[in-house]
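Notes for the structure review
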Amino acid sequence: MTRSLPRRALLGAGVLGLAMPGLALAERPARGARTAPRPGPDPRPVVVLDPGHGGRDPGAIGVSGTQEKRIVLAAAQELKGRLEAGGACRVVLTRTRDVFVPLEGRVAFARRQNAVLFLSIHADSAPGARGASVYTLSDRASDALSAALARRENAADAAGGLRLPPVPPDVQRILLSLVRQETRVGSERLADLAVDALRSRVALLPNTHRQAAFAVLKAPDIPSMLVELGFLSDRGDEAALRRPDHRAKLVGALAGAVERFLARPGIA
Ligand SMILES: [Zn+2]
């Protein structure tokens, strides 16, 4: 299965005057992975929601025993319903039940779905932390990914599943850098929209938009964000996250952010 390099990256390559015959990124199917169904006539963009943890990995355990994996699955299903009701996108979940999914499998799933957005949903534990917060991949992690590409012969793995065109390694690094830069801009924009939407609805963690090296955010070509709905280590957050009415506020804000992002696809 092949798909075109994002238009934004083609434009970037053109600016640099690179002659790139056969420029395409080939999806690298995970070993043993089933191929996603061929896209049907539905032209709407696909948003992948990623409820964290699952199965043998419960995630954080709240002070009253609430399991993160259950809260985030409920929230993801509620967000899917909200987005589908809006009609602007199709929504698929990396898990729809209580099963363990490896981190790299979540990113690979998003690529197989040709996702335009990847939103990982968590409700973790941290001393003294409370309120909602959003995370994008840190520059430091991005640099490490570039370094890994330079070191490793198997560029496809280092690039998070992208197979770059058969061009010299230096050109591959430029291409990957272009794609990743555009993706970073998109991720930051989504995070800003999410913070704006959440601010009027729920309590926020100070410095609400943070950056970290979450492995699940490392798809180089899909704008990605991780949201902590709250912290189960906080008694108040835990109680709130168990309530559908509180989750509805969070879900409404996130749905609004996703829809605003999709409404202006030309703005990465
Ligand atoms: Zn988590």
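In this report, the structure presented in the accompanying data block is examined. (Residues numbered from 1 in each chain as written. Predicted model: local features only at pLDDT ≥ 70, side-chain atom pairs only at ≥ 80, totals over all residues.)

Turning our eyes to something else, we now look at the sheet that holds strand β8 (residues 204-212). Taken together, 6 strands build an open sheet; the order of strands is β4-β3-β5-β9-β6-β8 and the sheet is mixed. Each end of this open sheet is capped by a strand with a single partner; those strands are β4 (90-93) and β8. Mean inter-strand twist for the sheet, computed between neighbouring axes without regard to direction, equals 20 degrees. Examined bridge by bridge, strand β6 (residues 132-137) and strand β9 (residues 224-228) share 3 bridges and lie antiparallel to one another. When the bridges of β9 are listed, V134 appears paired with V227. Here helix α6 (residues 169-199) sits on the sheet in contact with β5 (117-122), β6, β8 and β9, set at roughly 175 degrees to β6. (Pairing = 2+ DSSP bridges. Helix = DSSP H or I, 4+ residues; strand = E, 2+ residues; numbered from the N terminus. Axes fitted to C-alpha atoms, helices over the stretch in contact; angles between N-to-C directions. Contact = placed C-beta atoms within 7 Å.)

A large share of strand β3 (residues 46-51) lies buried, amounting to 5 of its 6 residues. Bridging between β3 and β4 involves 4 bridges; their strand directions are parallel. Within the sheet, the bridge partner assigned to V47 lies in β4 and is V91. For the crossover from β3 across helix α2 (residues 68-86) to β4, the handedness is right-handed. (Buried ≥ 20, exposed ≤ 12 C-beta atoms within 10 Å, placed from the backbone. Right-handed = clockwise from strand over helix to strand, strands pointing away.)

The values are spatial; any link to function lies outside them.
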